[in-house]
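Structure assessment
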Amino acid sequence: DMRIIITVLFTLVLISLPLTAVAKEGPMELPAGSDKGADMHNKAGIKHWGMGHADEALKHFKEASAADGSLAETHFNEAVALDALGEHGAATMHFGVAKKLATKSGNKNILSSPILNGHLGH
């Protein structure tokens, strides 16, 4: 029956939509005026991320967090890289810290992030 085929195809399209939205999410720039060391490592991490080196990106994002752990973006970026490497427990922990800090700073990009909310179950 044609209706069943259309329903199945429509369902498959709906199921695949959130995955493509999540797949496009990546690390974020730090706010203007951030710690210079944190910003340097964050930019290096974003560069490696763009080349598909999630493991190298993670090293730089960890350095950025060590330089300034008060930024939601450093934790978000660390979480995104951890997620890409399949380390979901650690990613969820950093997404949680990122959300807490983003709530304080009012960072709507982090608060409305599909990948963050997917990990935190919202």
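We now turn to the structure provided with this report. (Residues numbered from 1 in each chain as written. Predicted model: local features only at pLDDT ≥ 70, side-chain atom pairs only at ≥ 80, totals over all residues. Heavy atoms only, no water.)

1. Description of the packing of helix α3 (residues 54-67) against helix α4 (residues 72-84)
Two elements in contact, α3 and α4, have axes separated by 9 Å at closest approach and are oriented at 155 degrees. Compared by their axis directions, α3 and α4 come out roughly antiparallel. For the element pair α3 and α4, the recorded crossing hand is left-handed. Contact with α3, carried on its side by Ala54, Leu58, Phe61, Lys62, Ala64 and Ser65, involves Thr74, His75, Asn77, Glu78, Ala81, Leu82 and Ala84 of α4 and no other residues of that element. (Axes fitted to C-alpha atoms, helices over the stretch in contact; angles between N-to-C directions. Helix = DSSP H or I, 4+ residues; strand = E, 2+ residues; numbered from the N terminus. Parallel < 35°, antiparallel > 145°, perpendicular 65-115°, else oblique. Left-handed = near helix turned anticlockwise from the far one by under 90°. Contact = heavy atoms within 4.5 Å.)

2. Some points on the packing of aromatic side chains
Tallying each qualifying case throughout the model produces 1 aromatic pair. Seen in terms of ring centroids, Phe76 and Phe95 are 5.7 Å apart; in terms of plane orientation they differ by 65 degrees. Their pairing is edge-to-face. Of this pair, Phe76 sits in helix α4 while Phe95 sits in helix α5 (residues 88-105), and the two are 19 residues apart along the sequence. The pair formed by Phe76 and Phe95 is uniform in burial state, with each residue classed as buried. (Phe/Tyr/Trp six-rings, centres within 6.5 Å; stacked < 30°, edge-to-face > 60°. Buried < 20%, exposed > 50% of the residue type's maximum accessible area, 1.4 Å probe, protein only.)

3. Notes on the pattern of salt bridges
For the coordinates displayed, the defined rule picks out 4 salt bridges. Linking Asp1 and Arg3 is a salt bridge whose minimum nitrogen-to-oxygen distance equals 3.5 Å. Arg3 shares its class with Asp1; the two are exposed. With its nearest N and O atoms 3.9 Å apart, the salt bridge here joins Lys43 to Glu29. Of this pair, Lys43 sits in helix α2 (residues 36-50) while Glu29 sits in the loop between α1 (2-23) and α2, and the two are 14 residues apart along the sequence. Accessibility expressed as a relative area gives 43% for Lys43, which makes it partly exposed. (Salt bridge = Lys/Arg side-chain N within 4 Å of Asp/Glu carboxyl O.)

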